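Residue-level structure breakdown
Residues per chain, in single letters:
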Amino acid sequence: MNPSRRLVLHGACALLLAAALPSLPAFAATDVAGVKFDDTATVNGQPLKLNGAGVRTKVIFKVYALGLYLPEKKTSVADILATQGPRRIQIVSLRDLTSQDFGDAFMKGLNANTDAAERTRLLPQTKTFGEMFAAIPGLKKGDVLLVDWIPGTGTVCTLNGRKIGETVPDVAFHNAILRIWIGNDPADTGLKPKLLGG
């Protein structure tokens, strides 16, 4: 068989094989410090898009990777906080963290980005959320913590696929959580622009 005919037959066979195989969806992902964040997620049946992702560092240590998912991409803090529909904060621990360490960092970030009146108003929900930290021994390297906002339900947390803590109903509380990373005094000034799509 001459070479040109062999190439034609190989090409035809490749096309037939491709046509016979079922089409598989293509999943894109963003790599952050070795952590893969899918470009889409689903919360309460609604598809969300990865708005941004980055690493929380403390001094020189990488603490966790964080991704923010929204129904539509937003680039300003005001637009993110006004977002209607579900949201997701995905945290993947890059080192072992005790429950106290994580809880203390959470409270420090919350206090830095809320005023006294808001802290007083959100106190019952903050206490409920804080009990979640007391219920777990901490985060191990590779653990995945999801903090989902579900309209009509509230803030729901899952650790490695298992629900932890109580549901917190007020969207103002979820906004306060978001401001830990995108507020005026963010936990990591390098992470904030990444979450804003930078």
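Anything mentioned here points back to the structure above.
In what follows, the accompanying structure is described.

Reading the values: rules and limits
- Residue numbers here run from 1 along each chain, matching the order of that chain's written sequence.
- Local features in this predicted model are restricted to residues of pLDDT 70 or higher, and side-chain atom pairs are both shown and tallied only at a pLDDT of 80 or more, whereas totals for entire chains, interfaces and linings draw on every residue.
- Note that the side-chain values use all heavy atoms of the structure and ignore hydrogens as well as water.
- In this analysis, rings of Phe, Tyr and Trp, with Trp reduced to its six-membered ring, are considered paired at centre separations within 6.5 Å, and the interplanar angle assigns stacked below 30 degrees, edge-to-face beyond 60, and tilted for intermediate values.
- Secondary structure elements are taken from DSSP: a helix is a run of H or I of four residues or more, a strand is a run of E of two residues or more, and numbering for both begins at the N terminus.
- Each residue is placed in one exposure class: buried if its accessible area under a 1.4 Å probe, protein chains only, is under 20% of its type's maximum, exposed if it is over 50%, and partly exposed if it falls in between.
- Throughout this description, the term salt bridge denotes a Lys or Arg side-chain nitrogen within 4 Å of a carboxyl oxygen of Asp or Glu.
- DSSP-based pairing: two strands are paired if at least 2 bridges between them are found.
- Between the N-to-C directions of two axes lies an angle of 0 to 180 degrees, each axis being a line fitted to C-alpha atoms and, for a helix, fitted only over the stretch in contact.
- What makes two residues a contact is simply this: any of their non-hydrogen atoms within 4.5 Å.
- The criterion is simple. A nonpolar core is a set of buried Ala, Val, Leu, Ile, Met, Phe, Trp, Tyr and Cys residues joined through side-chain atoms within 4.5 Å.

Here we take up the packing of aromatic side chains. How two aromatic rings sit relative to each other is given by the distance of their centres and the angle of their planes. Using the criterion set out here, one finds six aromatic pairs in the structure. Relative to Phe133, the ring of Phe102 has its centre 5.5 Å away and its plane inclined at 65°; by these criteria the two rings are edge-to-face. With Phe102 in helix α3 (residues 99-112) and Phe133 in helix α5 (residues 123-135), the pair connects residues that are 31 residues apart, well separated along the chain. The residues Phe102 and Phe133 share a single accessibility class, namely buried. When the centroid spacing of 5.4 Å and the interplanar angle of 50° are considered together, the rings of Phe106 and Phe133 count as tilted. Note that Phe106 is positioned in helix α3 and Phe133 in helix α5, a separation of 27 residues in sequence. Phe133 matches Phe106 in its accessibility class, with the two residues each being buried. Among the aromatic residues, those joined into a cluster by ring pairs are Tyr64, Phe102, Phe106, Phe129, Phe133 and Phe173.

Quick look at the pattern of salt bridges now. In this structure the tally under the stated criterion is five salt bridges. Here Asp31 makes a salt bridge to Lys36, at a shortest N to O gap of 3.2 Å. With a relative accessible area of 55%, Lys36 lands in the exposed category. The residue Asp148 makes a salt bridge to Arg88 at a minimum N-O spacing of 2.7 Å. Residue Asp148 is found in strand β9 (residues 144-150), and its partner Arg88 is found in strand β6 (residues 87-93); the two are separated by 60 residues along the sequence. Given a relative accessible area of 8%, Asp148 falls into the buried group. Arg88 gets classed as buried once you look at its relative accessible area, which sits at 13%.

With antiparallel pairing, the seven strands of this open sheet are ordered in space as β3-β4-β5-β6-β9-β10-β11. The two strands at the open ends of the sheet, each matched to only one other strand, are β3 (40-43) and β11 (162-168). Taken pair by pair, the neighbouring strands of this sheet meet at an average axis angle of 25°, ignoring direction. Bridge analysis of strand β10 (residues 154-159) against β11 gives four bridges, and the strand direction is antiparallel. Counted as the bridge partner of Thr155 is Val168 from β11. The sheet strands contacting helix α6 (residues 171-182) are β5 (61-70), β6, β9, β10 and β11, and the helix crosses β6 at an angle near 45°.

This paragraph deals with the nonpolar core. Counting residues in hydrophobic clusters, the biggest one holds 35 residues, and the most contacted among them are Ile89, Ile91, Phe102, Phe106, Phe129, Ile177 and Trp181. Per-element accounting of this core gives the leading share, eight residues, to α6. What Ile89 contacts, discounting residues up to four positions off in sequence, is Leu66, Gly67, Leu68, Leu145, Leu146, Val147, His174, Ile177, Leu178 and Trp181. Listed in part, the 15 residues of the second largest apolar core include Leu48, Ala65, Ile150 and Val156.

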